[in-house]
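Results of the structural survey
Residues per chain, in single letters:
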Amino acid sequence: MKLYEIQPAYKIYAFDRGWRIMKYVSENLFKRTDVSARWWFDKAKYLLNRFSGSEWYIKYCIYVVVGGLGLAGGAQYVSAMVLVALFIAVQAIILSIWATISSVLMGILAGANFVYARFYRIFYRCPDCHKEMPIPVYICPTCRTEHTRLWPSIYGVFTHRCITCETKLATLGAGRKKLARICANADCRRPLNEGVGAGTNLHVPIVGGPSTGKTNLIVMATHEFLQRYQTAGYAISFTDTNHQRAFEENMARLTQGRALVKTPDIVPQAYNLSIKAPRALVPTISYVYDAAGEAFNDSMNTESQSYYKYIDGILFVIDPTAIPTFHNVHEGTINLLQDSLRPGTLDVMQTYERMKEMLQASIGGHKSRRDPHPIAVVITKVDALDLEQEIGQPAAQALMAQNPAITSEEDAISTLARDFLNNYGLDNFVRELEMSFANVRYFSCSALGRLPSLTDSSSFMPIRAAEPLIWLLAQAKAIKPLQQTIRTTSQLAPIGQAAQAQEAMQMQQRF
Ligand SMILES: Nc1nc2c(ncn2[C@@H]2O[C@H](COP(=O)(O)OP(=O)(O)OP(=O)(O)O)[C@@H](O)[C@H]2O)c(=O)[nH]1
Ligand SMILES: [Mg+2]
Ligand SMILES: [Zn+2]
Ligand SMILES: [Zn+2]
C-alpha cells in the first residue's frame, strides 16, 4: 500500500511554498542589491576616470565623493544582508513550528484512525469487485478531479485544496463523507455507497446450487430481520439506494404472491446493510453475496469468488427436493409440482466441495484445526411435501416433549434437520461438514410458506426464514438474539400483518 501519492492539491505552506519563498527572497534580494550597489560603484569609477588628470584639490574633492559612493554601495550590501538574515530567521522559525505542529497532528490523526479502524475491523471493500483498498478515490464536487489520498498529509491536515478549482475538500469525518467516491481498483471504478468503510465489515455468502431457493430466502429473511430488529431499537438501513430499490421491488413481488426470478450473476454484487445496535458506537456493514447457483457448477467459477477471503459466516442452502433419496420417495408429487417447486439441480455434496475449494483458494485450508466460521445449513421449501410436519415446528414440539434435554425449539429443529439429512443419504455430507467446521447449526424454513401459483396472488407467509441469518449475525456479534417470546410473535407474521406484529412486540417490551 502506498501511503503517499502525488495529489492534485496544494501542499501545506510550511512544507513547500514557505521554503521556496525563502530561497527566492534571499536570492533575489542579493541580486537586486548587487544591481543597485553596482550603480554607486560605477558612479565612483566614472568620477575617478573623469577627473584623473585634474588639479589636486579637485582630485581631493572627488576622492571624498568616491569614498561616499563606496560607503553607500557597501551599506546596501550590509542592510540587505541584515534584512535577509532577519527574514530567513523569522520565516524558518515560523515554518518549522508550523511544519512540526502539522506533522504531529497528522501523526495523531493517522494513528487514531488506524487504531480505530483495526479495533472496529473497518475496511474499505468494494461490493462490486470485492477488492479492498486503503482509501477510495474521492471526486472533487466542483471540477470532478480525482483525489486518491484524501487524508491528513502534507497537502493539508484537515482539508486539501484542489489544484484545479481551489475547492477545499475535507480530509476527515462528515465533510469527507459528503463527497462522491469510487472504487480505487482501476478495473472497477464503480461508485462506492456511503456504508463502505463506515463500520465493522461482515461478509456472508449464500451457498447453494441453482434454484435451491437462495434469493427468495435471503430477501424474505432480510425483510423479517428488518422488522424484528428495527422494532427492538436497532438502526438498520440500506446504504445504497440501488440495493434498497431492488429489495423493495423484490418485496413488492413477494407481497403479490409472485416468487423471485433467477439470479443472473455468477460473480455477485454484495448488497449492503448498515446495522447499528441501540448503544453501539459503530455500525456493522453487512455484505451479503447471493451468487447464481451456477457459481457452484464447476471449478471454473471458483477463482471469481474471491470475496471468500473475508467471510465471517456462511449460509448453506439445501433444497430437499434435490436430495436424490428424498426425491425418489416423493417422485410422483415432485414431478407434479415441478413448475411451482422448481427442484434444485445440483448435488449437495458437489456444491459443498465447490464451496470448500473457494474457501481454500481464498484463505488456504485450516489443515490442523476445524474452520471457525459459523455455518448455517438451511433446508428450504418446507411448506411442500409435508416437510413442516417432519422437520418443522410440530415435529420440534414433539421432540421436546420426548426429550427434556432439548430445551428450545431452535435446538430441536437443528437436531431434526440434521437427522433428516442423515436419514436421506447425506450422512457423508454431515460428517464432512462437521469435521471441517467447528460451528455448524441446522435450520428448516420456507421463504414463501406455500407453493407459488399463478392463480394465487395472496402474500407469501415465510416460515422461520430469518432464523439462519439472525443466528449468523449474532455469531458475528453484529446483533444480540431477541427474547424467545418476541421472536415467535413476528416469526409467524405474514408480510401484510407485520405492522400488527410490531405493535405486539412494542407492547411486550413496554410491559
Ligand atoms: N414451495 C416453495 N418453493 C420455493 C421456495 N423458495 C423458492 N422456491 C421455488 O424455487 C425457485 C427458485 O428459487 P430462487 O430463490 O430463485 O433460487 P436460487 O437459489 O436463488 O436460484 P439461482 O438464482 O438460480 O441460483 C422459485 O422460483 C420457487 O419456485 C419456498 O420457500 N417454497
Ligand atoms: Mg438466486
Ligand atoms: Zn470495485
Ligand atoms: Zn476541483
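This structure is a prediction, so every number in the text was calculated from the model and none was measured. (Residues numbered from 1 in each chain as written. Chains lettered and ligands numbered in written order. Predicted model: local features only at pLDDT ≥ 70, side-chain atom pairs only at ≥ 80, totals over all residues.)

1. Some thoughts on the overall build of the protein chain
Defined as follows: Under the DSSP-based scheme used, a helix requires at least four consecutive residues in state H or I and a strand at least two consecutive residues in state E, with every element numbered from the N terminus. We compute the radius of gyration from the C-alpha atoms alone; for a globule the expected value is 2.2 Å times N to the 0.38, where N is the number of residues. The exposure label follows from counting other C-beta atoms within 10 Å of a residue's C-beta, where the C-beta atoms are placed from the backbone and the thresholds are 20 or more for buried and 12 or fewer for exposed, leaving partly exposed in between. Note on contacts: residues are paired as contacts if their backbone-placed C-beta atoms lie within 7 Å.
When its secondary structure is counted, the protein chain shows 15 helices and 14 strands. Taking 511 residues into account, the globule formula puts the C-alpha radius of gyration at 24 Å, and the protein chain, at 36 Å, lies well above it. Overall, the C-alpha framework of the protein chain stretches about 140 × 55 × 45 Å when taken along its three principal axes. Every one of the 511 residues in the protein chain was classed for burial, and the buried ones make up 37%. Summarising the internal contacts of the protein chain: among those between residues at least 6 apart in sequence, 74% fall at separations of at least 24.

2. Comments concerning the pairing of strand β10 (residues 271-276)
The criterion, for reference: Strands are treated as partners if at least two bridges between them are detected by DSSP.
Examined bridge by bridge, strand β9 (residues 235-238) and β10 share four bridges and lie antiparallel to one another. Among the inter-strand pairings, Ala235 is bridged to a residue of β10, identified as Lys276. By the bridge criterion, five bridges tie β10 to strand β11 (residues 284-290) in an arrangement that is antiparallel. Note that in β11 the partner of Ser274 across the bridge is Ile285.

3. Brief notes about the sheet that holds strand β3 (residues 137-139)
Read from one edge of the open sheet, three strands run β4-β3-β7, paired in antiparallel fashion. Edge strands, defined here as strands with exactly one partner in the open sheet, are β4 (146-147) and β7 (181-182). Pairing geometry for β3 and β4, over two bridges, is antiparallel. Among the inter-strand pairings, Tyr138 is bridged to a residue of β4, identified as His147.

4. Comments concerning the sheet that holds β10
Note: strands within a sheet are paired through backbone hydrogen bonds, in either parallel or antiparallel orientation. How we decide: Note on geometry: axes are C-alpha line fits, over the in-contact stretch for helices, and angles between N-to-C directions span 0 to 180 degrees.
Taken together, seven strands build an open sheet; the order of strands is β9-β10-β11-β8-β12-β13-β14 and the sheet is mixed. The sheet is open, and its two borders are formed by β9 and β14 (437-444), each paired with just one other strand. Going across the sheet, the axis of each strand differs from the next one's by a mean of 20 degrees, ignoring polarity. Pairing of strand β8 (residues 200-207) with β11 involves seven bridges; the strand directions are parallel. Residue pairing across strands places Leu202 opposite Ser286, the latter belonging to β11. The sheet contacts of helix α4 (residues 214-231) involve β8, β9, β11, β12 (314-318) and β13 (371-379), and relative to β11 the element is tilted by about 160 degrees. With respect to the sheet, helix α12 (residues 409-436) is in contact with β13 and β14, its orientation differing from that of β14 by roughly 155 degrees.

5. Re the domain arrangement of the protein chain
To keep things clear, this is the line we draw: What fixes the domain bounds is an automatic or database domain assignment.
The domains assigned to the protein chain are domain 1 (13-111) and domain 2 (200-506). A C-alpha centroid distance of 80 Å is found between domain 1 and domain 2.

6. Some details on the site of ligand 1
Condition: A residue counts as near a molecule or strand when its C-beta atom, positioned from the backbone, falls within 6 Å of it.
Near ligand 1 there are 26 residues, and of these Gly213, Lys214, Thr215, Thr263 and Gly293 occur at the shortest range. Within the residue set of the shell around ligand 1, elements represented by two or more residues are α4 and α8 (338-341). When residues in the shell around ligand 1 are grouped by element, the largest group, three residues, is from α4.

7. Section: the environment of Arg125
Considering the arrangement of structural elements, one finds Arg125 in strand β1 (residues 124-125). For Arg125, a count of 23 C-beta atoms within 10 Å gives the class buried. A sequence separation of 162 residues divides Arg125 from Tyr287, and the C-alpha atoms of the two residues are 9.5 Å apart. Arg125 has contacts with His130, Glu132, Val196, Asn201 and Tyr310, leaving out every residue within four places of it along the chain.

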